Amino acid sequence: MDRTGTNLPAVGEYNQTVVLDAIRRRPEGITRSELAALTALSGMTVTKVCRRLLDAGLVDEHGTRMSGPGKPAAVVKLNPDGGFAVGVHIDPAAVTYVLVDLSGKVRDHSRTGTPTAGDPSAVIDEMANAIEALIESSAVDRSRILGIGIASPGPVNVDDGVLLNPPMMPTWHRVALRRSLAEATGLPVLLEKDATAAVVAELWFAGPDSSRDFAFMYYGTGLATGLSVAGEVVRGISSNAGDGGHITVDPDGPVCTCGRRGCVGYITVPRALVARAVLDGVLSAAEAGNLEDTVDVDAAFSRLAALAAAGSPEAIAILTDAARSLARAIVVIVNLLDIDRVIFGGPFWTRVSPVILGALPDAVRSDPALIPPHPIRFAQSAIPVDVAAVGAATLVLDNTFSPRPSALLLAAE
Ligand SMILES: [Zn+2]
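Calculation rules
Residues numbered from 1 in each chain as written. Predicted model: local features only at pLDDT ≥ 70, side-chain atom pairs only at ≥ 80, totals over all residues. Heavy atoms only, no water. pLDDT = per-residue confidence, 0-100. Helix = DSSP H or I, 4+ residues; strand = E, 2+ residues; numbered from the N terminus. Contact = heavy atoms within 4.5 Å. Phe/Tyr/Trp six-rings, centres within 6.5 Å; stacked < 30°, edge-to-face > 60°. Buried < 20%, exposed > 50% of the residue type's maximum accessible area, 1.4 Å probe, protein only. Lys NZ or Arg CZ within 6 Å of the ring centre and 35° of its normal. Pairing = 2+ DSSP bridges. Axes fitted to C-alpha atoms, helices over the stretch in contact; angles between N-to-C directions.

Right, let's get into the confidence of the model for the chain. Across the chain, the average pLDDT comes to 88, with 92% of residues at 70 or higher. Element-level mean pLDDT values for the chain span from 73 in strand β9 (residues 162–163) up to 97 in helix α11 (residues 313–337). Confidence drops under a pLDDT of 50 for residues 1–12, and excluding neighbours within four residues, the segment shows 24 contacts in the predicted structure.

What follows is the structure, encoded as structure tokens:
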């Protein structure tokens with residue numbers, strides 16, 4: 001059975017992606033003459049492109065409306081069922097699978113424990129089975145699935161589709177995930193760092209007036225940073241850009257795995273905050289459980305967050321200190337890139353966002369080291385918890401449909 005292709009026509013042509021992008025960002029619908037004005041393409045080109053998009057099932061016509069003099073004009077809208085993408089987020093604690101439609105809406109999702117990678121072929125089988133089950137339960141037309149995006153903790157080798165040695169996943173070394181998963185599912189597969197996938201999602205869902213210069217602080221089992229400058233995802237030459245984890249924020253702090261003291265990615269992560277809660281007597285050792293166990297840390301972190309939400313001054317102090325540490329790192333990142341927005345998300349973020357967002361903005365704005373004179377805004381991602389999984393799916397949509405010359409290669413190996 002040949003399952004390597006999709007029935008969708010190639011939408012690689014630049015004008016086509018420009019028109020589709022303009023339609024996509026206006027869910028209320030748009031007429032051809034409005035599209036021509038917006039994209040600066042000729043009316044004839046827009047008509048030709050719309051014909052192709054209609055034939056491909058990527059857009060629909062929804063009634064007519066008056067748009068300038070003459071006859072009422074047909075309103076074109078995106079067809080959410082025109083294409084689908086699978087997103088997979090690998091975290092040390094869990095693997096999340098989502099199926100999103102062309103509009104970016106999550107149509108189905110599932111979650112499994114993270115398999116150990118001692119036997120990579122068993123891992124691939126497990127992931128391929130979970131993907132097939134997701135596709136089956138969602139009852140979408142398989143020929144409309146454009147591909148699979150994978151978001152994983154860095155570092156990654158994006159060109160080869162290999163996870164290198166992600167922290168806190170000791171059995172995952174050089175797992176050639178992309179090629180094996182493409183072979184097992186017959187679908188094209190893309191791989192990206194989790195924080196980078198989050199940036200792709202933010203840009204994909206951004207309104208026309210959103211800031212295009214921002215840092216995404218991804219608060220998962222570890223702390224990761226994704227960057228967008230002038231609306232382009234910053235990937236770097238090996239797609240590992242944005243690792244701010246070893247920015248020193250406390251010269252007298254505990255020794256990080258890198259040998260330096262007080263690295264932000266060492267002292268602000270959930271495991272470190274739980275460890276401090278035990279030292280401060282906020283959580284008992286029994287409540288904290290095994291700090292090497294991601295599931296225990298997850299549960300203990302929820303307890304700490306709940307205590308802070310209930311007004312425990314000691315719990316609030318731990319999170320406020322974390323906010324100040326994050327603020328020092330954010331000042332370095334803002335100074336380097338001259339960005340005006342910082343977005344937060346990731347699986348651990350929402351539990352602590354009220355306390356951290358209560359303390360962090362002032363700490364950044366009042367930092368004497370802050371250089372840019374413009375205001376800096378702080379926000380929570382529109383998809384805070386599953387942003388990496390949705391972002392992974394968005395990689396596929398973005399790669400297929402975004403009018404960006406620097407798009408990744410969609411490799412169906
Ligand atoms: Zn370090």
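To continue, consider the packing of aromatic side chains. This structure, assessed with the given rule, holds three aromatic pairs. Here the aromatic rings of Y219 and F301 are separated by 6.0 Å at their centres, their planes lie at 55°, and the arrangement is tilted. Placement of the pair is Y219 in strand β11 (residues 214–219) and F301 in helix α10 (residues 294–309), with a sequence separation of 82 residues. Take F301: its relative accessible area is 1%, and that puts it in the buried class. An angle of 75° between the planes, with centres 5.4 Å apart, marks the rings of F301 and F348 as edge-to-face. Taken together, the residues span a long stretch of sequence, with F301 in helix α10 and F348 in the loop between β14 (341–345) and α12 (349–365) at a distance of 47 residues. With relative accessibility at 3%, the residue F348 sits in the buried group. Taken together, the aromatic side chains of Y219, F301 and F348 make up a single cluster linked through ring pairs. Between R24 and the ring centre of W204, over which it is positioned, the NZ or CZ distance is 3.3 Å. Sitting above the plane of the F214 ring, R341 keeps its charged end 5.1 Å from the centroid.

Two pairing modes exist for strands in a sheet, parallel and antiparallel, and in both the strands are linked by backbone hydrogen bonds. Pairing is mixed across the open sheet formed by five strands, whose spatial order is β13-β12-β11-β14-β15. The open sheet is flanked by β13 (232–233) and β15 (377–380), the only strands paired with a single partner. As paired strands, strand β12 (residues 223–229) and β13 are joined by two bridges and run antiparallel to one another. Along β13, the bridge assignment pairs S228 with V233. Contacting β11, β12, β13 and β14, helix α6 (residues 194–205) runs over the sheet at an angle of about 130° to β11.

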